[in-house]
Every structure is written in C-alpha cells, then in structure tokens.
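Listed below, chain by chain, are the residues.
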Amino acid sequence: MHSKVFQKPKINKNSTDQLIFREDGLTQLRKKTKSENEPEKNKLIMPCYDDDRPTQQEELLIRKLVDNVEQHERIQVLTELKNLIIGSRRCKLAFYHAGILEILNNLLKEYSCLISIDILVEILDCISSFAKVNNKNLLNRLIELGFIEQILSLLTIQIDSNHFYESCLRCLRSFFLSKIFSNPYLTPTPYILLSDDNKHDTITVLSETESYLSNDKYLPVNILLENSQNLDIFPRLLSISKSTQISIIEILCCACVNNERQNQIVETDFIQSIMHLLVENILYHNKINLVSVTNEYLVGVCLKFFCSICYENAAVARQLHTTVFTQTNETLCEIISSLLNKTNQPVVISYYASKFFINLCKTKVLSCDDSFVSHKSLTTLVHLCTKSTINKSIHLYIACFDTLIYLLNGNNTLHHTAMYTEQFLNKLFCYLFAPTKIFNETIDEAMLIQIRTSTLTLLAVLSSYHEDIKKRIADQDNLISTAIECYRSNHRSLQLAALCLFHGLSRSVHQLRTTFNDTICDVLLDAVKSSDLSLVKIASSVISNTVLEFSTCRARLLSGGILDILLAFLTHPDHDLSINGMWALRNLSYLSTLKIKQDVIHGLTIDRIYSLLEQCTDERFLICLLSLLRNIFNEKDTQIILPMFNSVKLLTTLQKMREKNYSVEISREIRILIDHLNSSNAAPRQRLPSDPVNPSCRTSLFPEYACDEMDELDCL
C-alpha cells in the first residue's frame, strides 16, 4: 500500500513551541504566546486529557523520538512510549493524532534494513499496543502504512532470536484479534428459527457479511492470504516456542472467515502440525483414568483452531472426522472427546472440545444422536452453564449459551435432553429474571443485556417444537411480561430476542389460543412497522402464525391494518420478507370470512396473481401463492370467488404450469389445486360410504401432515 512519506517536524529542543496535530493525523508547529510561556504565579498547571491532544510530557516524548539519533536513546524513548500507551486509550488516540504512527513506520523501515533486533522489538511492541485499540480510523491507518506487510517480511528473515520472532507474531496477532476486524465465523450469527426443512438457512445469513469482508481492503486476513505464500512462513516458526505456537494458531483461527479461507489454510497442511501440538500437551494417566493438560492456553487455541477451520464447512469437517494421529492410531475425535466431561478440566478446554463436535454435527458429519454430540458435548455445555465455579467469567456463559442456540436450533430431538439436564430450564429462568444474583462480580449493563439476550433466544429455540416444552416455558410466572418488557427496552438485541420467543411460542395452536393477548399484538404491530429490518422480519414471522383463524390475535391485527402491511411486504426488496408476507396472507385466508378473502384478492389483484403464476421462478414464493389460492377457494366460497378469476383461464394456466419442470412439491400443489377446482365445478353428489377419500382434495391448512395440532406453522 502506498502512503505519504512522513516528514519529521523540525523542533528546537529549547523551543517553547507547541506540537499540535491536524485532522489528517500529521503534525505542525504553533508558536506559543508570551502569556502561554509565562503562566500566572500560583496557577496550577494541569495536564490536558482531551482525547485528541497530547500532554506536554507526551509532546516532549515525540520530540525525543524524532530528534535522537542514537539507538540506545531511541530504545529508551520507545520503552517510555510503550509504558504510556499500554492500557490507555486516550494516550493511543492522542499519539495517533500527533503523527506517531508515521514516525514508527519510518523507524521500522530504517531498522529493518539494519536488522537491529533490540529496537525492532520495542517498535513492534508499540505497534502491537496501538493495534489493540478499538478505533477504526487508527487501525485503518496502521494498515494503510503497510505494517502487516512489513511484519510478514520481517518473519522471513533468518535470525537467531526467538524473542524477535515472538514479538513479530504477537504484533501480527494484535491486528487479527481486533474487535474492528472480528471474525463472523467466531461470533454469533443473526438468529433465524429453524425447522427441519431449512436447517442451513443460517449459512445464507452470513453471505452479506462475507461479501463485505471479502471486499474490505483493510481486513488483515485479506492482506495475509492475498498471497498464498504468506502462509508458508508459519510452519517453520511453529517449532520455536510456545509463544509463537499460540500466536500463529490464533492468527489462523481469525483467518477462517469463510470457506475459501478455511480451504486455503487446510491446503497448507496445518491440521497435522496442530494436532501434534495438541497431543503432546495432553497427559493420559491410565491408572486413574485421568486426562490433564500441560499448557492450558495452547491446548485451548488448538481446539479453537479445529472449531474454526470446520465451521459451516462440510468438506473440512469430513476430513477432520477421519483424521488419525499415526503415532497412537487415535482419531482426532477420540483425542478431543477425552477432554469432555472431566471435572478437573479447565472450562475453556471443555467449551472448545464441545464446540468442535457441535460444528461437526451442524455440517451433518455427525448426527445429533451421536454420543459425541448428545451425551458428551450437549451435557458438557449445559454443565458449564450451570457451573458456579465459572461465575467470574460471564463471557464464557454467553459463549456457552450461543453455542447451545447454534446446536439446538433445528435439532429438536435434543431439546428434552437439554431441558432436563441439571434442571437447565430453571437455571435459564434465573439468568433471565435475576442475572445479578447469580454472578459474584458486579456486571456492567452491556454484559447484563448480552446474558439476558442469549437466555431469551435459547428459550425461543427450546419453545419452537415440542408442545410440552412450549407449555412449560409459557406457563412460567412473569415470562411473557418480562419478554414484553425486554421488547420495550432501548436495546435492539433484547427486542430481537423477545420477538424470537414469541415466534417460537406462536408455532403452537394451544399457545395461539391462550398465551397471545392484546399486549403482544400491540408489540407485533409496533415491530412490524419498525425502521429496523431485522425486527420487521422476525415480527412478520410471528404474524404469519398469529393471523390464523384460531388465534386470539387475529381480530386485533386486522383492525390494526395488518392486511395492508402484508400486501406491502410482497414488493419489498428483501426476499425473505416478501415470502413472509405471502405466507401470512396464505394463513390469513385459511377458514377466513368471504370479505377477508375478497380483500386479499383485491389487494393482490387478479392480474398480478396470473402474472406471478406464469412468471414467478422462486419456488418458496410460488408454493405460498398456490397454497393461498387453495385456501381462498374454500368449498363454501368457491362458487362466489371463482368467477372473479375466470375458471377456464385459471385451469388453463394451472395445466400449463403442470407441464413445466417444477419440483415435486410445487407439482403436487398444482395438482391439488386443479383437483379441487375440478371437484368444485362438478355436480355435487352425496358421498357413498364405499367412496375412497382422496387426501389430495383436502382443503386443510397442511394436507401433508395428518396430526391433531400443528407443530410448525411458519416457513422461516
């Protein structure tokens, strides 16, 4: 990357001129006035602590760094600089605005040519500290100046100094661990309630983020992997020390931002090397059946690497599943499973060992009934969530909750196991209602919001399938009122989680008849009109269920103008929202009055319906439309509504669709609708007892399911 050459400001050591900074990050001199040079007597001179201004001491430090040419003096100044900026966001920003990054860049280039190890280490330590600040402009400037490329270049030099390589790698790692460039594969994904038919929808949720990251010129992983030979630097450095091993593995974890990057890392053959590091740091005590680790942090990052490299990547997951450690003839799965369910095991190791098997499960390499998943990983995670000894690490609680959400969302066979393990459901209610009573430390508001958000979302997942679990959750005292309170808060994550809970409960006929009240209706109407698309999408999913004929919310939603809102969704640029709109209209028309059906038809218009039937290529949307028509042509209303469509034209259009190469599901919907229209046109006769019942002619909401109550009411 090209950048402006930084010109050292010429400063007289004895001058009282002030070093100030401009908005572009460069420095300039300003002459002090006489009154500034001669402060009033007895006036206390306090240092300036503005975020964007260095103190006099800090200005003097910059002068020393610029003017001193002796290496040992610069080392001393750099050490002072490092001590000032470590842990001080204000100092980092002040020095940044004063142009310190350009100075460090010039020094790094100068001493890289001379290979002066001692001063290079000090420079790198300063850069590393700057890279840890949560300020995008500062981090982007570091990258613009080409620090990452310079560090990679330094790592190729053959020097007999472990300390030098450790410092380089620590500095490089700081860029990758920055929250500004966080890895979406290592952080919770946006929440979608899954059913068995769309278990992989969360993959598409990441697509926009991946697209943004892949095109971000400031993303460290893009700089590292734009030249595949950069990865070849790391293997020889793995053998230097534990410090280099930890830094390299953490960098690789952060580089797993998508399948392409994961595959690049796998092709460099890191799997065997890191598995070897994992094994050599695990001790097996066969006589007492005990497994321990010699380096907790290193084992933790090794496990984190295996979690990251196979996340949402079925090909890599299959490779890991069959990977064998040749020296002991153990599979990687057997090695990692030995770290589960051990009471003496560090909690971070237990967490990542569990997460590894969950990632294999979500890529369908392991089934959710596999003992590694259902008997070991799931129970270990639940145990961690209820374990009082980790109450000083709320971040681990949140990580465990989010991983359980990831596992249980779409894998309903595990819901009862999770619910009854160590009375986990009761513990979840405690986290939601009174989290401050559980943790020994005083947690700040941000952490409090995160823990309640994760808890509500996990309750939403558990309430999404089994009727007995839905009832147990909905009947909990104060749960619904707490969820409403969370929605009415100013925190978006709590609002989304509350809507998710209503979404899960809305999949129950019983809950729609009992739990959902006018207050929840008002929440849904408010959310569906929000300017936040995420809130609108989840609210529309809930409304898709709550507009059904047997829902207590139906009348209030209609009086609140929900029909016009749903019709507007059909032309919304967001694809999922348009499908939710059609699905909700389909449910609204089921067993509805003739007036509602006519309002739906008039809102859609006959011409638009024909246009969609003839031209729509989206299968999910087309299935919803065909099902909507089937619900509209109810036996008692067909004779009134069918003339609006011109029965001959409608049947002709459907016959033409039947000849196209649609999926089995769409073809089946077309056939059901044609059969129904033909039966409506035929002369009515009394059914004889011997007549077979043709299930394809049923006009029930879900002809494909023969059950008393609906388990799933929505498509998303």
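About the thresholds
Residues numbered from 1 in each chain as written. Predicted model: local features only at pLDDT ≥ 70, side-chain atom pairs only at ≥ 80, totals over all residues. Heavy atoms only, no water. Helix = DSSP H or I, 4+ residues; strand = E, 2+ residues; numbered from the N terminus. Buried < 20%, exposed > 50% of the residue type's maximum accessible area, 1.4 Å probe, protein only. Contact = heavy atoms within 4.5 Å. Areas by Shrake-Rupley, 256 points an atom, 1.4 Å probe, with all protein chains shown as cover. Axes fitted to C-alpha atoms, helices over the stretch in contact; angles between N-to-C directions. Parallel < 35°, antiparallel > 145°, perpendicular 65-115°, else oblique. Left-handed = near helix turned anticlockwise from the far one by under 90°. Nonpolar A, V, L, I, M, F, W, Y, C, P; charged D, E, K, R; others polar. pLDDT = per-residue confidence, 0-100. Arc of directions from axis to C-beta. Phe/Tyr/Trp six-rings, centres within 6.5 Å; stacked < 30°, edge-to-face > 60°. Lys NZ or Arg CZ within 6 Å of the ring centre and 35° of its normal. Core = buried A, V, L, I, M, F, W, Y, C linked by side-chain atoms within 4.5 Å. Polar contact = N/O pair within 3.5 Å; in protein donor to acceptor, adjacent residues only side chain to side chain. Salt bridge = Lys/Arg side-chain N within 4 Å of Asp/Glu carboxyl O. Disulfide = S-S within 2.5 Å.

The chain is annotated in an unreviewed UniProt entry as Armadillo repeat-containing protein 8 from Rotaria socialis.

Of the regular secondary structure elements, the chain holds 40 helices and six strands. In the chain, which comprises 716 residues, the share counted as buried stands at 56%. For the chain, the proportion of contacts with a sequence separation of at least 24, taken over those separated by at least 6, is 72%. When the accessible area of the chain is evaluated, it comes to approximately 31,900 Å², of which 50% is carbon and sulfur surface.

A few words now on the packing of helix H5 (residues 100-114) against helix H6 (residues 117-131). One can describe the packing of H5 onto H6 by two numbers: an axis separation of 10 Å at closest approach and a directional angle of 150°. Looking at the two axes, H5 sits roughly antiparallel to H6. Once H5 is placed against H6, the crossing between them reads as left-handed. Residue-level inspection shows Ile100, Leu101, Leu104, Leu107, Leu108, Tyr111 and Ser112 of H5 in contact with H6, the latter providing Ile119, Leu120, Ile123, Leu124, Cys126, Ile127 and Phe130. Residues of the contact of H5 with H6, tallied by class, amount to 13 nonpolar, one polar and no charged.

It is worth spelling out the confidence of the model for the chain at this point. Summing up the model confidence of the chain, the mean pLDDT is 82 and the portion of residues at 70 or higher is 80%. Note on residues 1-50: pLDDT under 50 across the span, and 80 contacts to partners over four residues away in sequence or across chains. Note that residues 195-214 has pLDDT below 50 and, in this model, 35 contacts with residues that lie over four places away or in other chains.

Turning to helix H38 (residues 638-645), its buried residues are Thr638, Ile641, Leu642 and Phe645. Mapping the buried residues of H38 onto a view down its axis gives an arc of 105°, with all of them on the same face. In H38, those exposed residues whose orientation departs by more than 90 degrees from the buried face are Gln639 and Pro643. The first or second residue beyond H38 is Asn646, which carries a positive phi of 70°.

What follows deals with the packing of aromatic side chains. What describes a pair of aromatic rings is the distance from one ring centre to the other and the angle between the planes of the rings. Enumeration over the complete set of coordinates arrives at 12 aromatic pairs. Summarising the aromatic geometry, the rings of Phe429 and Phe433 are spaced 6.1 Å apart at their centres and angled 10° between planes, so their arrangement reads as stacked. Pair noted here: Phe429 and Phe433 are both in helix H24 (residues 424-433), with a separation of four residues, about one helical turn. The exposure class assigned to Phe429 is buried, which follows from its relative accessible area of 3%. Connected via pairs of aromatic rings, a cluster forms that spans Tyr397, Phe401, Phe424 and Tyr431. The ring centre of Tyr406 lies 5.1 Å from the NZ or CZ of Lys362, which sits over that ring. Over the ring of Tyr610 we find Lys649, and its NZ or CZ is 4.3 Å from the ring centre.

Mapped onto the fold, Val382 is located in helix H21 (residues 371-386). For the pair formed by Val382 and Tyr420, sequence separation is 38 residues and the distance between their alpha carbons is 9.9 Å. Excluding residues within four positions of it along the chain, Val382 makes contact with Leu404, Ala418, Thr421 and Phe424.

Right, let's talk about the environment of Asn587 for a bit. Tracing the backbone through its elements, the reader meets Asn587 in helix H34 (residues 575-588). The exposure class assigned to Asn587 is buried, which follows from its relative accessible area of 0%. As for Asn587 and Cys624, which are separated by 37 residues in sequence, their C-alpha atoms are 9.4 Å apart.

Another aspect to go through is the nonpolar core. Core analysis: the biggest nonpolar cluster contains 242 residues, and Leu155, Phe175, Phe234, Phe306 and Phe356 have the highest contact counts within it. If one sorts the elements of this core by residue count, helix H22 (residues 394-408) sits on top with 11 residues. With sequence-adjacent residues up to four places away left out, Leu155 is seen in contact with Tyr165, Cys168, Leu169, Leu172, Ile233, Phe234, Arg236 and Leu237.

It is worth spelling out helix H15 (residues 259-267) at this point. The periodicity of an α-helix, 3.6 residues per turn, causes residues three or four positions apart to be oriented the same way. Within the sequence span of H15, burial applies to Arg261, Gln262, Gln264, Ile265 and Val266. For H15, the elements touching its buried residues are helix H12 (220-225), helix H14 (242-255), helix H16 (270-280), helix H17 (296-309) and helix H18 (314-321). Regarding H15, its N-cap is Asn258, as a side-chain oxygen of that residue lies 3.2 Å from the backbone nitrogen of Glu260 further along. Directly beyond the C-terminal end of H15, a positive phi value near 65° is found at Asp269.

Most peptide bonds take the trans form, and the phi angle of most residues other than glycine is negative. The backbone phi angle of Asn329 is positive, close to 60°, even though this residue is not glycine. Within the fold, Asn329 resides in the loop between strand E5 (324-325) and strand E6 (330-331). A positive phi angle, close to 50°, is found at Gln423, a residue other than glycine. In this structure, Gln423 sits in the loop between helix H23 (415-420) and H24.

In the structure shown here, the tally under the stated rule is 18 salt bridges. A salt bridge links Arg556 to Asp518, with the nearest nitrogen and oxygen atoms 3.4 Å apart. Residue Arg556 is found in helix H32 (residues 554-559), and its partner Asp518 is found in helix H30 (residues 518-528); the two are separated by 38 residues along the sequence. Where Arg630 meets Glu669, a salt bridge forms, and the shortest distance between an N and an O atom there is 3.2 Å. In this pair, Arg630 sits in helix H37 (residues 619-632) while Glu669 sits in helix H40 (residues 664-681), placing the two residues 39 residues apart along the sequence. By the burial criterion, Arg630 is buried, and Glu669 matches it. Connected through salt bridges with shared partners, the residues Lys82, Glu122, Asp125 and Arg170 form a single ionic network.

Two cysteines, two sulfur atoms, one covalent bond between them: this is a disulfide. Going through the model one piece at a time under the given rule, you end up with zero disulfides. Sulfur of Cys126: no disulfide; nearest cysteine sulfur belongs to Cys171 and is 9.6 Å away. Judged by relative accessible area, which is 0%, Cys126 ranks as buried. Cys368 carries a free sulfur, and the closest cysteine sulfur to it, the one in Cys361, is 5.5 Å from it.

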